[in-house]
Amino acid sequence: MQHQSRSISVNGTAHPLPSDPRRSLLDFLREDCGLTGTKKGCDHGQCGACTVLVGGLRINSCLSLAVMHDGDEVTTIEGLGTPENPSPLQRSFHEHDGFQCGYCTPGQICSASAMMDEITNNWPSDASESLTGDIQASDAEIRERMSGNLCRCGAYANILTAIRDAAAGADR
Ligand code: FES
Ligand code: FES
């Protein structure tokens, strides 16, 4: 049988899987791939600082083992935009001061990016009036859907404005 190399695509670049099966996706991204934009807050699924996209869906990378992602496409904050060429969401956070210390910000932006796709696809949340209707990026929807991303600085008001503005432009 031919040996298949096992790797994860991170922001379009293939990285070999770690040899230690206990390595979290978060530690793999930060320490093996050198992508320190993804932050470790609680390391057990409580804060959302480690949010990344896997196949376009948001997950807490601290709760997932890297070896579970053989062949997956992972996108981190570094893959959404750059300081020279920020994504519309990144620009909106900057314009609206959607942060204070910035520690939660990469997770907020990755989470918001996938959340906007969920709204576009009419996936209902606990705040939705109907399970089958058209869903708008209302403040209540955004608050509910972003409730897994904590901000110890309490920059929530500006985070909400930043996401609402980016959602109005229907761009990420
Ligand atoms: Fe993963 Fe807090 S570091 S949820
Ligand atoms: Fe400091 Fe959110 S900006 S934790």
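Before any of the text, the structure's been laid out above.
These figures come from a predicted structure and were not determined experimentally.

Definitions and limits used
Residues numbered from 1 in each chain as written. Chains lettered and ligands numbered in written order. Predicted model: local features only at pLDDT ≥ 70, side-chain atom pairs only at ≥ 80, totals over all residues. Heavy atoms only, no water. Helix = DSSP H or I, 4+ residues; strand = E, 2+ residues; numbered from the N terminus. Buried < 20%, exposed > 50% of the residue type's maximum accessible area, 1.4 Å probe, protein only. Contact = heavy atoms within 4.5 Å. Polar contact = N/O pair within 3.5 Å; in protein donor to acceptor, adjacent residues only side chain to side chain. Pairing = 2+ DSSP bridges. Axes fitted to C-alpha atoms, helices over the stretch in contact; angles between N-to-C directions.

Chemist: Any chance you could explain the environment of Ser125 here in plain terms?
Modeler: On the secondary structure map, Ser125 appears in the loop between α4 (105–120) and α5 (139–145). Judged by relative accessible area, Ser125 falls into the buried class, the value being 17%. For the pair formed by Ser125 and Val67, sequence separation is 58 residues and the distance between their alpha carbons is 30 Å. Excluding its chain neighbours within four sequence positions, the residues that come into contact with Ser125 are Glu141, Glu144 and Arg145. Within the structure, Ser125 has its side chain in polar contact with the backbone nitrogen of Ala127 (distance 3.0 Å).

Chemist: Before we go on, may I ask you to explain the sheet that holds strand β4 (residues 57–60) in this structure?
Modeler: Backbone-to-backbone hydrogen bonds join strands into a sheet, with any given pair of strands oriented parallel or antiparallel. Taken together, five strands build an open sheet; the order of strands is β2-β1-β5-β3-β4 and the sheet is mixed. Among the strands making up the open sheet, the edge pair consists of β2 (13–16) and β4. For this sheet, the mean angle separating the axes of adjacent strands, direction not counted, is 40°. Strand contacts of helix α1 (residues 25–32): β1 (7–10), β2, β3 (51–54), β4 and β5 (73–75), with the helix running at about 70° to β1, the strand carrying the most contacts.

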